[in-house]
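Chains, contacts and geometry: an overview
One letter stands for each residue in the lines below.
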Amino acid sequence: MASKRTTVRDLRRHNRSLLLSKLYFDGPLSRHELSQLTGLSAATVSNVTAELGEERLITEAGQVESDGGRPRVLLRVDPAYGHVAGVDIGETGVKVELFDLAMNRLATAEHPLPKAPDPATAVEQVTSGLREVFADLDGSAVLGVGIGVPGTVEQGARVLVHAPTVGWDAVPLVSLLQEAGVALPLFVDNGAKTQGQAEMWFGAGRGARHAVIALIGSGVGAAVVTDGTTYRGSTSSAGEWGHTTIAYGGQQCRCGARGCLEAYIGAGAVLARYRRARGKEIAGEDEQAQFSALLEAAAKSKTAARVLEETAGYLGAGIANLINLFNPERIVIGGWAGLALGEKLLPQIRAAAGEHALRHPFSQTSIQLGSLGLDAVATGAATLPVADLLAQGATSRLAKPGAPDSDAA
């Protein structure tokens, strides 16, 4: 097969992408530092940064003394260039957040969802949340909207969401949002993967080349990152860690199989195990409140303590599987239930992982909690349009909230 010929346009886009990404993640930097870090010539750096400055993608950020010469001007990506929105469609609610280009959070809207929400209800809550966070933008430009969903995402001419645990089968989420009036570029991915990108860019995964970012909430998933890139598999469904089998013929999982890890460490499964052992419900108006109550009860209740110890063991065994399969240098535990468990039981989780993992790869792996808290999925979703901007080395077409013109994909 003949190799694709590199054109001048390709080279220009590559150089723009390289410099823009370096400034985004490591700036502010001088032109001299950019040349050293990227290997591009001083002339190329000067020409490309001039273009990016004219387009207002980058701006000056002060000066730094040089060795005997004139002070060097520092450059950075301009936070005011545009805005991005991140949406977390969870199993119990929708969170919509607005950010500037530097990922400073500007507005948040949250709306509840019923159990196993139908797509139309989820779309209604997303559009309502977007209207709320866009209300004070005064026509400012928006790069796009990123959306994290509780299921696998089939990318293609039509973006389809497969989420059997909430009853979604090949839901054309982008088309539904467009039909509901969202006329902005749309980017959809699995929630565990958006959380993973957020932690890799800004949180506990930063600096690692090989990592697994685990999400534990009502459901369980993971983002597997190798050489800095999220592994997706042939149809983008890689990372369904929660549906790996931990007990042959074990507990029934919501996906229809038996013995899935999610059926042992997902929040609903943990609470169900407590109910079976104690014979009664634990207090709390929703799953998160009940889970918090269970954690608090462990200090006085032997049953609660035993259930949580078992959960730490199952989670540690699941992490050991990740270590043995992927040999990561870092494992990050996130998700609302994962963070709550980790704050109480991280030493026990690490110990259980050590008992089940191969000794050498376990010794090379750190296990820690995510640092971005409960906003990680929405934050990561908002990075999807930013990642597109950086990859293209130029802006996705800017649009105003609600404008009918869109490159949504």
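Residues numbered from 1 in each chain as written. Predicted model: local features only at pLDDT ≥ 70, side-chain atom pairs only at ≥ 80, totals over all residues. Heavy atoms only, no water.

Per an unreviewed UniProt entry, the protein carries the name Sugar kinase of the NBD/HSP70 family, may contain an N-terminal HTH domain and comes from Amycolatopsis australiensis. UniProt's Sequence similarities (unreviewed entry) comment on the protein is quoted here verbatim: "Belongs to the ROK (NagC/XylR) family." (UniProt positions renumbered as here; feature names shortened; annotations may be inferred.)

So, the packing of helix α8 (residues 267-278) against helix α9 (residues 287-297)
Axis separation between α8 and α9 bottoms out at 10 Å; the angle between their running directions is 55°. The pairing of α8 with α9 is recorded here as oblique in orientation. At the point where α8 passes α9, the crossing takes the left-handed sense. Listed contacts from α9 to Ala-267, Gly-268, Val-270, Leu-271 and Tyr-274 of α8 are Glu-287, Gln-290, Phe-291 and Leu-294. Among the residues forming the contact of α8 with α9, the class breakdown is 6 nonpolar, 2 polar and 1 charged. (Axes fitted to C-alpha atoms, helices over the stretch in contact; angles between N-to-C directions. Helix = DSSP H or I, 4+ residues; strand = E, 2+ residues; numbered from the N terminus. Parallel < 35°, antiparallel > 145°, perpendicular 65-115°, else oblique. Left-handed = near helix turned anticlockwise from the far one by under 90°. Contact = heavy atoms within 4.5 Å. Nonpolar A, V, L, I, M, F, W, Y, C, P; charged D, E, K, R; others polar.)

Brief notes about the confidence of the model for the protein
Averaged over the protein, the pLDDT score is 91; the fraction of residues at 70 or greater is 94%. Mean pLDDT per element in the protein: strand β2 (residues 58-64) is the minimum at 86, and strand β15 (residues 330-334) is the maximum at 98. Within the model, pLDDT remains below 50 along residues 403-409, and this stretch shows 19 contacts once partners closer than five positions in the same chain are excluded. (pLDDT = per-residue confidence, 0-100.)

Brief notes about the domain arrangement of the protein
One frequent convention defines the size of an interface as the accessible area lost when the parts assemble. For the protein, the domain assignment lists domain 1 (8-77), domain 2 (83-194 + 376-392) and domain 3 (205-371). Inter-centroid distance (C-alpha atoms) of domain 1 to domain 3 is 42 Å. (Domains from an automatic or database assignment.)

Notes on the sheet that holds strand β10 (residues 168-171)
Strand order in the open sheet formed by 3 strands is β8-β9-β10, with antiparallel pairing between adjacent strands. Whereas interior strands pair on both sides, the edge strands pair on one side only; in this sheet they are β8 (152-154) and β10. The sheet shows a mean angle of 20° between the axes of neighbouring strands, taken without regard to direction. Judged from the 3 bridges that link them, β8 and strand β9 (residues 160-163) form a sheet pairing that is antiparallel. Note that in β9 the partner of Thr-152 across the bridge is His-162. (Pairing = 2+ DSSP bridges.)

Let's talk about the environment of Leu-57
Tracing the backbone through its elements, the reader meets Leu-57 in the loop between α3 (42-54) and β2. Residue classification places Leu-57 among the buried residues on the basis of a relative accessible area of 0%. Between the C-alpha atom of Leu-57 and that of Val-8, which follows or precedes it by 49 residues, the distance is 21 Å. (Buried < 20%, exposed > 50% of the residue type's maximum accessible area, 1.4 Å probe, protein only.)

Observations regarding unusual backbone geometry
Phi is mostly negative for residues that are not glycine, and the peptide bonds are mostly trans. Residues Gly-27 and Pro-28 are joined by a peptide bond in cis, for which omega reads 5°. With respect to the secondary-structure elements, Pro-28 resides in the loop between α1 (8-26) and β1 (29-30). Notably, Ser-236 is not glycine yet its phi reads approximately 70°, a positive angle. Following the sequence through the fold, Ser-236 ends up in the loop between β14 (229-230) and α7 (262-265).

Examining the sheet that holds β1
In spatial order, the strands read β1-β3-β2; together these 3 strands make up an open sheet with antiparallel pairing. Strands at the two margins of the open sheet, each flanked by one partner only, are β1 and β2. Pairing of β1 with strand β3 (residues 72-77), which is carried by 2 bridges, proceeds in the antiparallel orientation. Across the sheet, the residue bridging to Leu-29 is Leu-75, located in β3. Each of β1, β2 and β3 touches α1; the most contacted strand, β3, lies at about 90° to it.

What about the packing of helix α6 (residues 191-202) against helix α13 (residues 376-392)?
In the contact formed by α6 and α13, the axes pass within 7 Å of each other and the chain directions differ by 75°. With respect to their mutual orientation, α6 and α13 come out roughly perpendicular. Where α6 abuts α13, its residues Gly-191, Thr-194, Gln-195, Gln-197, Ala-198, Glu-199, Trp-201 and Phe-202 lie against Ala-376, Val-377, Thr-379, Gly-380, Ala-381, Thr-383, Leu-384, Val-386, Ala-387 and Leu-390.

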